[in-house]
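The lines below spell out each chain.
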Amino acid sequence: MKWNLLRVALAALLAWPMSLAAEPKTLVLSHVVSPDTPKGKMATMFKTIVERKMGDRFRVEIHPNGTLMDDNEAVDAIAEGRIQFAAPSVSKFEAYTQKLKVFDLPFLFPDMAAVNRFQQSPAGQSLLTSMTGQGIVGLGYLHNGLKQLSANQPFEKPQDLAGLKFRIMNSDVLKKQFQAVDATPVPMAFADVYQALAEDRIQGQENTWSNIYSKRFYEYQPYIMESNHGVLDYMVITNAAFWQSLSDEDRHHFQYAIGNALGYGNAVAKAKSTNDRGELQAMPGVNLIRPSRADLADWQAVMKPLWDEYAPAIGEATLRAAQDAAAASL
Ligand code: LMR
């Protein structure tokens, strides 16, 4: 009897570390948009590839729609190693670097080809590692698209926005962009925007076709201007210590997964931008405002002075690389 008990205890002891080792580690990926968006689909593809290649060791748990945390918290959580992956908009890194402000400058990038050209340039790639010392490693860029202006009342000229409250991502440049047209910028988490529009706490906002459509902002924003005045793109990020702790082989698998997921997500972004614009244009309640060349020149004249103001913070070389990338599209 005594021997039997000892044998059982010994077997349990031997099995214990094996069962621990067999348990896959859960990696958290937090984001704030719907699963049916470029970022949502990229996240699902990333999870699928990681689990297909390393499912015995890693599981990816996706928290969409800001259900776990908003993006500003997610950037802090990545820096502190509380979560492993996030894909915040490039406008949400203000507390960590000033260089990414280049993406917020109004009317800098005329199209997504210019954005892509800059991101793939040495200057754009160097931004991915600009926060490593603070615990954040950029793994790549994901597109959403160019931003459009919308409001609950007709507008055409910059002065038409005077006195209106506009929701912004928490970014200094975006704050100044709306102050330049005498509107009041209201920093707010993405998840709160729909309700704030419904309650008329804000009268306008700026976002991409995909976000305006997937979050039904158009229900309270019947006037949408095809302004293409800014870019909303993402940086996929991870925690530096977690990234370093991986074996070379596992890191290679993660890089493979992220590379494929980004390729897929970027293709989705391109298709959705066209599709969701078309859906919005076809809606009886939505008025699509197409600014004339002269009107666009007016918007640019009031907003573009921000380039000079932020050039020292961004860095002349980074700004020049972005301008070069933009010039190739003109
Ligand atoms: C926003 O806050 O408007 C965006 O960052 C949302 C998103 O992630 O597309």
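Residues numbered from 1 in each chain as written. Predicted model: local features only at pLDDT ≥ 70, side-chain atom pairs only at ≥ 80, totals over all residues. Heavy atoms only, no water.

Student: Whenever I open this one, the overall build of the chain confuses me. Can you help?
Tutor: On a plain count of helices and strands, the chain comes out with 13 helices and nine strands. A separation of at least 24 residues holds for 75% of the contacts in the chain among residues at least 6 apart in sequence. Carbon together with sulfur atoms contributes 54% to the accessible area of the chain, which is approximately 14,800 Å² in total. Placing the 32 positive and 35 negative side-chain charges of the chain at their respective mean positions leaves the two points 6 Å apart. (Helix = DSSP H or I, 4+ residues; strand = E, 2+ residues; numbered from the N terminus. Contact = heavy atoms within 4.5 Å. Areas by Shrake-Rupley, 256 points an atom, 1.4 Å probe, with all protein chains shown as cover. Lys, Arg positive; Asp, Glu negative; His and termini not counted. Charge placed at Lys NZ, Arg CZ, Asp CG, Glu CD.)

Student: Before we go on, may I ask you to explain the packing of helix H6 (residues 172–179) against helix H12 (residues 306–314) in this structure?
Tutor: When two helices pack together, their arrangement is given by the angle between the helix axes and the distance between those axes. Here H6 crosses H12 at 160°, and the two axes come no closer than 11 Å. Classified by the angle between their axes, H6 and H12 sit roughly antiparallel to one another. Crossing hand, H6 versus H12: right-handed. For the pair H6 and H12, contact is made by Asp-172, Val-173, Lys-176 and Gln-177 and by Leu-306, Glu-309 and Tyr-310, respectively. (Axes fitted to C-alpha atoms, helices over the stretch in contact; angles between N-to-C directions. Parallel < 35°, antiparallel > 145°, perpendicular 65-115°, else oblique. Left-handed = near helix turned anticlockwise from the far one by under 90°.)

Student: Looking at this model, I keep getting lost on the pattern of salt bridges. Mind explaining?
Tutor: Side chains that carry opposite charge are capable of pairing whenever their charged atoms lie near each other. According to the stated counting rule, one finds 17 salt bridges in the structure shown. Notably, a salt bridge pairs Glu-51 with Lys-47, separated by 2.9 Å at the nearest N-O pair. Here Lys-47 and Glu-51 lie together in helix H2 (residues 38–54), a separation of four residues that amounts to about one turn. Where salt bridges share partners, they join Asp-36, Lys-41 and Lys-272 into one cluster. (Salt bridge = Lys/Arg side-chain N within 4 Å of Asp/Glu carboxyl O.)

Student: Mind showing me how you'd approach the site of the ligand here?
Tutor: Around the ligand, a shell composed of 13 residues is seen, among which Lys-39, Lys-92, Arg-167, Asn-211 and Tyr-234 lie nearest. A distance of 2.6 Å is found between an oxygen atom of the ligand and a side-chain nitrogen or oxygen belonging to Lys-39. In this structure, Asn-207 approaches the ligand through a side-chain N or O atom, which is 2.9 Å from an oxygen atom. For the ligand, whose free accessible area comes to 270 Å², the fraction covered by protein is 100%. The residue inventory of the shell around the ligand, partitioned by class, reads six nonpolar, three polar and four charged. (Near = heavy atom within 4 Å. Polar contact = N/O pair within 3.5 Å; in protein donor to acceptor, adjacent residues only side chain to side chain. Nonpolar A, V, L, I, M, F, W, Y, C, P; charged D, E, K, R; others polar.)

Student: Whenever I open this one, the nonpolar core confuses me. Can you help?
Tutor: Taken as a class, soluble globular proteins show a tendency for nonpolar side chains to be buried jointly. Among the nonpolar cores identified, the biggest contains 60 residues, and Phe-46, Phe-254 and Trp-299 are the most heavily contacted of them. Apart from residues lying up to four places away in sequence, Phe-254 is in contact with Leu-27, Phe-46, Val-50, Met-54, Phe-58, Phe-85, Phe-242, Trp-243 and Leu-246. In this structure, Val-75, Leu-100, Val-102 and Ala-311 belong to the second largest nonpolar core, which totals 41 residues. (Core = buried A, V, L, I, M, F, W, Y, C linked by side-chain atoms within 4.5 Å. Buried < 20%, exposed > 50% of the residue type's maximum accessible area, 1.4 Å probe, protein only.)

Student: Would you mind showing me how to read the packing of aromatic side chains here?
Tutor: Centre-to-centre distance and the angle between the planes together describe a pair of aromatic rings. This structure, assessed with the given rule, holds 16 aromatic pairs. Residues Phe-85 and Phe-242 carry aromatic rings whose centres are separated by 5.8 Å and whose planes lie at 90° to one another, so their mutual orientation is edge-to-face. Of this pair, Phe-85 sits in strand S3 (residues 85–86) while Phe-242 sits in helix H9 (residues 240–245), and the two are 157 residues apart along the sequence. Both residues of the pair, Phe-85 and Phe-242, count as buried. A connected cluster of aromatic rings, assembled from ring pairs, spans Phe-46, Phe-58, Phe-85, Phe-242, Trp-243 and Phe-254. Above the plane of the ring of Tyr-256 lies Lys-53, whose end atom (NZ or CZ) is 5.1 Å from the centre. The ring of Trp-209 carries the charged tip of Arg-277 above its face, separated from the ring centre by 5.8 Å. (Phe/Tyr/Trp six-rings, centres within 6.5 Å; stacked < 30°, edge-to-face > 60°. Lys NZ or Arg CZ within 6 Å of the ring centre and 35° of its normal.)

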